[in-house]
Amino acid sequence: MKNDMTYNLIDCEKNNISNFLVEIDEFSKKERIILDESDMNFFCMVAKHIIFLKYFVLSLEKRNEIKYLNIIISDLYFLVLSLVKMERRYIYVNIRSIIENSMRMFVDISVEKNFSTKDIFERVRGKIGENDYRLLRSEYRVACNYVHGGNLLENNLAFVLNECFENCRMSRKEKNDFYARMCKLIKIFDREIVTHYTEAVNGCFHRRKSLMEYLIGKRNVDLLFDIL
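Predicted model, so just to flag it, every value in this text is computed and none were measured.

## Thoughts on the overall build of the protein
Check the secondary structure of the protein and you find eleven helices and zero strands. Its helices and strands in sequence order give the protein the pattern α-α-α-α-α-α-α-α-α-α-α, from N to C terminus. The 228 residues of the protein split such that 44% are buried. Restricting to contacts in the protein with at least 6 residues of sequence separation, those with at least 24 account for 67%. If you sum the accessible surface of the protein, you get close to 13,000 Å²; carbon and sulfur atoms cover 51% of it.

As structure tokens, this is what we get:
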């Protein structure tokens, strides 16, 4: 891209992500946790999303939006940690929070305003495609089920405890399917940020579109130019 002076920045962020992945690998070895390539690929994608959000938040002025983004960034760090440790309930605590705060940011509803989650979903439904809405809704329901527990009121204590143990486990196929769905969700969030905050994104990546492409893909850079 002409007049794009970001190649040194890209190298810097690649190094940043590499160090992030090394830290995860070292932590997993200390905890005797085995990670594979699919784990590291997903963590790399999350790292890129975090960096994108950190650039983006610098361009915002509304306190609500900044607050939501700070929460989302924090949730993403803890999502990685809970995935490494395979703490399934906390995985979904973070997923639920990421979805809720992303939706509130997109429809500009503060926590103080007394809107139900159902109302917020309906507002979001009008802004995104039906397939994206269904995925968002489905993942939110799954997250709520894990957070609140489906059988915690059973009388048999041993049965409930065993259910908790079983729910902590995730097969390789389940994890890969989870990663695929989360990648789709994050792509939806990135696209909606570019769509709803076009000027802000363009400003924080002024003469840095190659960096933006590295972080969230060429499709979103093309989308930005199409809207502008």
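Continuing now.
## Some remarks on the packing of helix α10 (residues 209–216) against helix α11 (residues 218–227)
Running from N to C, α10 and α11 point in directions that differ by 130°, and their axes come no closer than 7 Å. When the axis of α10 is compared with that of α11, the two are oblique. Between α10 and α11, the residues in contact are Lys-209, Met-212, Glu-213 and Ile-216 and Lys-218, Asn-220, Val-221, Leu-224 and Phe-225, respectively.

## Considering the packing of aromatic side chains
For any pair of aromatic rings, the description rests on two quantities: the centre-to-centre distance and the angle between the ring planes. All told, the structure shown has twelve aromatic pairs when counted by the stated rule. Three or more aromatic residues joined by ring pairs make a cluster, and in this case those are Phe-42, Phe-43, Tyr-92, Phe-178 and Tyr-179. Stacked on the ring of Tyr-214, the Lys or Arg Lys-48 has its end atom at 4.4 Å from the ring centre. Above the plane of the ring of Phe-121 lies Arg-137, whose end atom (NZ or CZ) is 4.4 Å from the centre.

## Here's the deal with a nonpolar patch on the surface
On the surface, Tyr-77, Phe-78 and Leu-81 cluster together into a nonpolar patch covering about 270 Å² of accessible area. Inspection of the secondary structure assignment puts Phe-78 in helix α3 (residues 63–84). Overall, the relative accessible area of 47% leaves Phe-78 in the partly exposed class.

## As for the side chain of Glu-13
Here Glu-13 is to be found in helix α1 (residues 7–30). Buried and without a salt bridge, Glu-13 has Arg-208 as its closest oppositely charged side chain, separated by 8.0 Å. Looking at Glu-13, its side chain comes within polar contact range of the side chain of Asn-16, at 3.1 Å. When sequence neighbours within four positions are dropped, the list of residues in contact with Glu-13 reads Ile-51, Tyr-55 and Leu-211.

## Notes on the environment of Val-84
Relative to the assigned elements, Val-84 resides in helix α3. The spatial distance from the C-alpha of Val-84 to the C-alpha of Asp-25 is 9.2 Å, given a sequence separation of 59 residues. Excluding anything up to four places from it in sequence, Val-84 contacts Ile-24, Phe-27, Ser-28, Ile-33, Leu-35 and Phe-43.

## Brief notes about the packing of helix α5 (residues 117–125) against helix α6 (residues 130–148)
Packing of α5 against α6 leaves a shortest axis separation of 10 Å and a crossing angle of 160°. One element, α5, and the other, α6, form an angle in the roughly antiparallel class. In this structure, α5 crosses over α6, and the sense of that crossing is right-handed. Taking contact as the criterion, the partners of Thr-117, Lys-118, Phe-121, Glu-122, Val-124 and Arg-125 in α5 are, on α6, Glu-130, Tyr-133, Leu-136, Arg-137 and Tyr-140. Along the lines of polarity and charge, the residues of the contact of α5 with α6 split into five nonpolar, one polar and five charged.

Parameters and conventions
- Residues numbered from 1 in each chain as written.
- Predicted model: local features only at pLDDT ≥ 70, side-chain atom pairs only at ≥ 80, totals over all residues.
- Heavy atoms only, no water.
- Helix = DSSP H or I, 4+ residues; strand = E, 2+ residues; numbered from the N terminus.
- Buried < 20%, exposed > 50% of the residue type's maximum accessible area, 1.4 Å probe, protein only.
- Contact = heavy atoms within 4.5 Å.
- Areas by Shrake-Rupley, 256 points an atom, 1.4 Å probe, with all protein chains shown as cover.
- Axes fitted to C-alpha atoms, helices over the stretch in contact; angles between N-to-C directions.
- Parallel < 35°, antiparallel > 145°, perpendicular 65-115°, else oblique.
- Phe/Tyr/Trp six-rings, centres within 6.5 Å; stacked < 30°, edge-to-face > 60°.
- Lys NZ or Arg CZ within 6 Å of the ring centre and 35° of its normal.
- Patch = residues over 30% accessible without salt bridge, like charges linked within 9 Å, V, L, I, M, F, W, Y side chains within 5 Å.
- Salt bridge = Lys/Arg side-chain N within 4 Å of Asp/Glu carboxyl O.
- Lys, Arg positive; Asp, Glu negative; His and termini not counted.
- Polar contact = N/O pair within 3.5 Å; in protein donor to acceptor, adjacent residues only side chain to side chain.
- Left-handed = near helix turned anticlockwise from the far one by under 90°.
- Nonpolar A, V, L, I, M, F, W, Y, C, P; charged D, E, K, R; others polar.

The values are spatial; any link to function lies outside them.
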